[in-house]
Amino acid sequence: MITHGKNIKIFTGNSNPLLAKEIAEIVGVPVGKAEVGRFSDGEISVNIGETVRGADVFVIQSTNNPVNDNLMELLIMIDAFKRASAGRITAVIPYYGYARQDRKAKARDPITAKLVADLIHTAGADRVLTMDLHAAQIQGYFDIPVDHLLGLPLLAKYYQTLNLDEDEVVVVSPDLGSVTRARKFADRLHAPIAIIDKRRPKANVCEVMNVIGDIKNKTVIMIDDMIDTAGTICNAANALVDLGAKEVLACCTHAVLSGPAVERIQNSAIKELVVLNTIQLSEQKKIDKIKSISVAPMFAEAIKRIYEDLSVSMIFE
């Protein structure tokens, strides 16, 4: 039962219009009329083509590459809705960029994840809906409510449909930071876990040291929140095969896939990489090894629950 009289409206920028359209179809509303383009000097132009006065507005925009353009599109759209007297504005950010800069790792580092949170709040967003933040504490960087969805249930559900032999499966964490995620994933598959202990000499370069756990003659499933240059996941996959794994499957929520990532995945020991479509894959990144699963049903359910003032956490129960 909807407890208020506001209309629900869903708009999208240019980062992931296909996902926005899919979400809108499930919710049962059309994608709002909005033109997001560029002026001749490169500045972003936003033109909202319908009234939003008093409406419950959801702006769907991942802040992936080109991250600065997509972020500015989101901020300018939020500002436009705020100045047009929207009743409530929710920034729906399936992939939250700059999330890896969440603390000072060394002297004079910025904390860009906090800066972006401040920008979104200042632009006029009343709440944020996102998925699998790189660091969960980023929720606390916002001074507005944050609904944090989890991609793990969707990935686990896919592997459950494969009817893999539980005695032959091991879930592997590609690094120490992903152990909690791997354990939760393994619990859903009723499988043991193993951990890769690695050393990273410099940014985007990693060296596998050893594997903690039994992976010999096992089907290995590696899980991570995101894959960027794919150096970590591919090195790990190759090392696991060298150490006796039967086959290596991999999955992640956010397929950033920058630089040589696709080529590395294609040439690696990974048999299949399952990703969620929080980031829209370009045609160059659509290879046979990569399978995409839609997050639209989960985001649509969350949007309906926010609109109807119901619990979002119930989705996972």
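Predicted, not measured: the structure shown is a model, and the values here were computed from it.

Turning our attention to the nonpolar core. Judged by nonpolar contacts, the single largest core of 44 residues is most densely connected at Ile23, Tyr159 and Phe185. Looking at this core, the element that brings in the most residues is helix α8 (residues 296–307), giving 8 residues. With sequence-adjacent residues up to four places away left out, Phe185 is seen in contact with Leu152, Leu155, Ala156, Tyr159, Val171, Ile221, Ile223 and Cys251. Met77, Ala99, Ala123 and Val128 belong to the second largest nonpolar core, which has 33 residues in total.

Our focus in this paragraph is the state of the cysteines. Using the criterion set out here, one finds 0 disulfides in the structure. With no disulfide partner, Cys251 has as its closest neighbouring cysteine sulfur the one in Cys252, 7.4 Å distant. Judged by relative accessible area, Cys251 falls into the buried class, the value being 0%.

Okay, the domain arrangement of the protein next. With domains assigned, the protein is organised as domain 1 (8–149 + 296–315) and domain 2 (152–286). If you average the C-alpha positions of domain 1 and of domain 2, the two centres end up 28 Å apart. Taken together, the contact pairs 15 residues of domain 1 with 13 residues of domain 2. Both sides of the domain 1 and domain 2 interface together cover about 1,300 Å² of buried area, and 54% of this is carbon and sulfur. Together, Tyr95, Arg100 and Asp132 form the three largest contributors to the area buried by domain 1 at its contact with domain 2, with a combined 39%. For the pair domain 1 and domain 2, the interface holds 1 salt bridge. A salt bridge links Asp228 to Arg100; its shortest N-O distance comes to 2.8 Å. If you tally residues by element for the side of domain 1 that touches domain 2, the top one is helix α1 (residues 17–27), at 4 residues. Among the residues forming the side of domain 1 that touches domain 2, the class breakdown is 7 nonpolar, 5 polar and 3 charged.

Under the counting rule described, the total for this entry stands at 15 salt bridges. Here Asp79 makes a salt bridge to Arg83, at a shortest N to O gap of 2.8 Å. Remark: Arg83 and Asp79 occur in helix α2 (residues 67–83); sequence separation between them is 4 residues, near one turn of the helix. Note on Asp79: relative accessible area 26%, which makes it partly exposed. Each member of the salt-bridge network shares a partner with another, and the members are Arg38, Asp69 and Glu73.

What counts, and where the lines are drawn
- Residues numbered from 1 in each chain as written.
- Predicted model: local features only at pLDDT ≥ 70, side-chain atom pairs only at ≥ 80, totals over all residues.
- Heavy atoms only, no water.
- Core = buried A, V, L, I, M, F, W, Y, C linked by side-chain atoms within 4.5 Å.
- Buried < 20%, exposed > 50% of the residue type's maximum accessible area, 1.4 Å probe, protein only.
- Helix = DSSP H or I, 4+ residues; strand = E, 2+ residues; numbered from the N terminus.
- Contact = heavy atoms within 4.5 Å.
- Disulfide = S-S within 2.5 Å.
- Domains from an automatic or database assignment.
- Buried area = accessible area lost by both parts, 1.4 Å probe.
- Salt bridge = Lys/Arg side-chain N within 4 Å of Asp/Glu carboxyl O.
- Nonpolar A, V, L, I, M, F, W, Y, C, P; charged D, E, K, R; others polar.

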